[in-house]
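# Close look at the chain arrangement
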Amino acid sequence: MRTWRQRSRPQVTPSPNIWHWPEVYAVENRAQDSTGAVWRALRERCDWTGADVLDVGCGDGFHLPVFAATARTAVGAEPHPPLAEAARRRMAGTPGARVVTAPAQRLPLPDACVDVVHARTAYFFGPGCEPGLAEAERVLRPGGVLAIVDLDLAAPPYGDWMRADAPQLDPAEVERFFDRHGFESVPVASQWRFDDRAELEAVLGIEFSAPVAARALRETPGRTLPVDYRVRTRRKPTGLLGARSTGLSGGR
């Protein structure tokens, strides 16, 4: 069985928000999915009770306690050392939980060692993420699930603001990419809820350029914000023939 070994570290693109404003992003994490809709959609598609879970791009470990509460083990992988250390502090003393400093393309884990790979608005954004898809496939056990949670580029208002800042983003192209790679993608409507308008303004300020953040604030009355997601799941085949059909099972 092929296991992980130390190799040259791949280039990591800095996160434009949490790497630079971790305190504000912590506010955003607390505000996100206030209805619990994303968590419900995930549990319906890959219940991790008693399973071994890997959270890729775990940041400061915000989501790890949810997995660790019912999973057998919960591992976080985060490429940015300060965030990885924050995640270790968060999970210190939690049975079965640990954090590794590593990018999605080079996970320091053996083959076929986890049942669920979870990534939430991290790394897996469409074309270009093939190395991470292959690595997730490697560490998943047969029958395991790769679950990717992404923001819905096509859904207003948040998707409109994202495309205003990055007009090269093509929601249809992203959907075609994940469909081509065998994912089932479902829309999930949720809501971000902030304690006050100052929190909302701060979060919009790290997510968008100044003009788009100002527009978003004008278009958001109160302190709640509807945000739509795409929850994408793919189950690893249990047979070699099925694995070959994904196009991601070749050696590297």
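Report on the accompanying structure. (Residues numbered from 1 in each chain as written. Predicted model: local features only at pLDDT ≥ 70, side-chain atom pairs only at ≥ 80, totals over all residues. Heavy atoms only, no water.)

### A few points about the packing of helix H8 (residues 197-207) against helix H9 (residues 210-218)
One can describe the packing of H8 onto H9 by two numbers: an axis separation of 9 Å at closest approach and a directional angle of 145°. Regarding H8 and H9, the two cross each other, and that crossing is right-handed. Residue-level contacts link Arg-197, Leu-200, Glu-201, Leu-204 and Gly-205 of H8 to Ala-213, Ala-216 and Leu-217 of H9. Residues that form the contact of H8 with H9 fall into these classes: 5 nonpolar, 1 polar and 2 charged. (Axes fitted to C-alpha atoms, helices over the stretch in contact; angles between N-to-C directions. Helix = DSSP H or I, 4+ residues; strand = E, 2+ residues; numbered from the N terminus. Left-handed = near helix turned anticlockwise from the far one by under 90°. Contact = heavy atoms within 4.5 Å. Nonpolar A, V, L, I, M, F, W, Y, C, P; charged D, E, K, R; others polar.)

### Concerning the pairing of strand S7 (residues 224-235)
As paired elements, strand S5 (residues 140-151) and S7 share 7 bridges and run antiparallel to each other. Looking at the pairing, Asp-150 lines up with Arg-230 of S7. As defined by bridge partners, strand S6 (residues 184-193) adjoins S7 across 10 bridges and the pair is classed as antiparallel. Each residue of the ladder has a partner; that of Pro-187, found in S7, is Arg-230. (Pairing = 2+ DSSP bridges.)

### Description of helix H4 (residues 81-91)
Among all positions in H4, only Leu-83, Ala-84, Ala-86, Ala-87 and Met-91 are buried. Along the long axis of H4, the arc covered by the buried residues comes to 160°, so they all point the same way. Structurally, H4 contributes buried residues whose contacts are with helix H1 (22-31), helix H3 (64-68), strand S2 (73-78) and strand S3 (97-101). Note on H4: the residue one or two positions beyond its end, Gly-93, has a positive phi of about 85°. (Buried < 20%, exposed > 50% of the residue type's maximum accessible area, 1.4 Å probe, protein only. Arc of directions from axis to C-beta.)

### Regarding the sheet that holds S2
Strand order in the open sheet formed by 7 strands is S3-S2-S1-S4-S5-S7-S6, and the pairing between neighbours is mixed. If you trace the sheet from one side to the other, it starts and ends with S3 and S6, each paired once. Looking at each pair of strands side by side, their axes are set apart by 20° on average, direction ignored. Running at roughly 170° to S3, H4 makes contact with S2 and S3 of the sheet.

### Focus on helix H6 (residues 158-165)
Those residues of H6 lying buried are Tyr-158, Gly-159, Trp-161 and Met-162. In a view along the axis of H6, the buried residues occupy a sector of 160°, so they form one face of it. For H6, the secondary structure elements touched by its buried residues are S5, S6, H8, H9 and S7.

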